[in-house]
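Per-entry structural report
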Amino acid sequence: MMRRKTTLIGIVGDSGAGKSTFVNNLAQLLGKERVTVIGLDDYHSLDRAERKAVGITPLNPRANNLGLFMEHVERLRRGEKILKPVYDHDTGTFGEPEWVKPREFVICEGLHSFLFEKLGETYGYKIYYDTHRDLKIRWKIQRDAAHRGYTVEQVVQEIRQRQRDIRNFVEPQMRHADLVVSLLPHTVNGQSTEAIKVRLAERTGANDIVHRLITLHSRGILPCRCFKEWYWGREMNVVELTEEITPPVLEAVADALGWGEKAEEKELTPYQFMLLLVAGRFGNKYKSGYWEERGCYAVNS
Ligand SMILES: Nc1ncnc2c1ncn2[C@@H]1O[C@H](COP(=O)(O)OP(=O)(O)O)[C@@H](O)[C@H]1O
Ligand SMILES: O=C(COP(=O)(O)O)[C@H](O)[C@H](O)COP(=O)(O)O
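Just so you know, these numbers come straight off a predicted model, no measurement behind them.

This brings us to the packing of helix H1 (residues 19-30) against helix H9 (residues 270-281). Running from N to C, H1 and H9 point in directions that differ by 55°, and their axes come no closer than 10 Å. In this view, H1 runs oblique relative to H9, as classed from their interaxial angle. For the pair H1 and H9, the crossing hand works out as right-handed. Residues Thr-21, Phe-22, Asn-25, Leu-26, Leu-29 and Leu-30 of H1 pack against Tyr-271, Met-274, Leu-275, Leu-276, Val-278 and Ala-279 of H9. In terms of residue class, the contact of H1 with H9 is built from 10 nonpolar, two polar and no charged.

Right, here's the structure in full:
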């Protein structure tokens, strides 16, 4: 029997940026039964107490077993199952390893998903998830205090200790990304609101998501702001989505991108629309009622 090809997707971003939430929502849209998710946190080589004793952050590659991760990615690419380590964020220690098999999509998300060139070449698509620090810090404090056994003061101190490693090890991976997704606070007249705006950036010349959005904008279909900007020495086409996407706009976009089917009856936030765009890139057929059906409104779940 012919083995179905596995598409490997790499996602990188800082802690608290919203990677797991994004991957969870993306998997819902693609169909969970088609997706294997590998979280790189499971490849830490030191547990929480050991990192503290050594004085090293989890962002330092030396606190991770990236050799094993690379070996596992290669095995999954070949269609083989792996015995994956498990890191338990509730306790900051390791659990029992578990067997994982590749499905149609294997999504690897974490701090170092494409740190090494060899890893970068393995993926079919690479996304850098770049969330504005005001959102990222707020989200990390809330999550780590609620679910990972930290006090607020401990998280704040931890964030301070990580800044150098974020710059040295996490952010440089942006230069290898096919798509940079930025979530930003939406300010109106200098006042911040609860809303989030989304920037999508891809290399000029790439004929992909952003390129299609620019075409839709030039045809008067999509309200957005388009500009060029330099990211890590590469000129990027950037599209900024600020407004809610109304049903008629979504219908026109779905039509133009060949998603088929009738459009949603509700407005979508820029974040939800971005998820549809990314899922649509992998041949996901858009369907009316998707959001309720698949629970994708609940970003915090
Ligand atoms: N799009 C979003 N809108 C609002 N809150 C979000 C969003 N994405 C993530 N969050 C919040 O941020 C917290 C951290 O997100 P998570 O996905 O765990 O980040 P990461 O995996 O990058 O560390 C989550 O617990 C969630 O409450
Ligand atoms: O920076 C991260 C990455 O995870 P995420 O991107 O999910 O935040 C975590 O702090 C480490 O995995 C250690 O975990 P803990 O702090 O629980 O020991």
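Additional details are given in the paragraphs that follow.
The local shell around ligand 2 holds 15 residues, among which Ser-15, His-44, Tyr-87, Tyr-150 and Arg-162 are the closest. Within the side chain of Arg-148, an N or O atom sits 2.9 Å from an oxygen atom of ligand 2. Between an oxygen atom of ligand 2 and a side-chain N or O atom of Tyr-150, the distance comes to 2.5 Å. Alone, ligand 2 offers 440 Å² of accessible surface; in the complex the protein occludes 98% of this. Here the residues of the shell around ligand 2 sort into four nonpolar, four polar and seven charged.

Rules used in this analysis
- Residues numbered from 1 in each chain as written.
- Chains lettered and ligands numbered in written order.
- Predicted model: local features only at pLDDT ≥ 70, side-chain atom pairs only at ≥ 80, totals over all residues.
- Heavy atoms only, no water.
- Axes fitted to C-alpha atoms, helices over the stretch in contact; angles between N-to-C directions.
- Helix = DSSP H or I, 4+ residues; strand = E, 2+ residues; numbered from the N terminus.
- Parallel < 35°, antiparallel > 145°, perpendicular 65-115°, else oblique.
- Left-handed = near helix turned anticlockwise from the far one by under 90°.
- Contact = heavy atoms within 4.5 Å.
- Nonpolar A, V, L, I, M, F, W, Y, C, P; charged D, E, K, R; others polar.
- Near = heavy atom within 4 Å.
- Polar contact = N/O pair within 3.5 Å; in protein donor to acceptor, adjacent residues only side chain to side chain.
- Areas by Shrake-Rupley, 256 points an atom, 1.4 Å probe, with all protein chains shown as cover.

In short, geometric facts, not functional conclusions.
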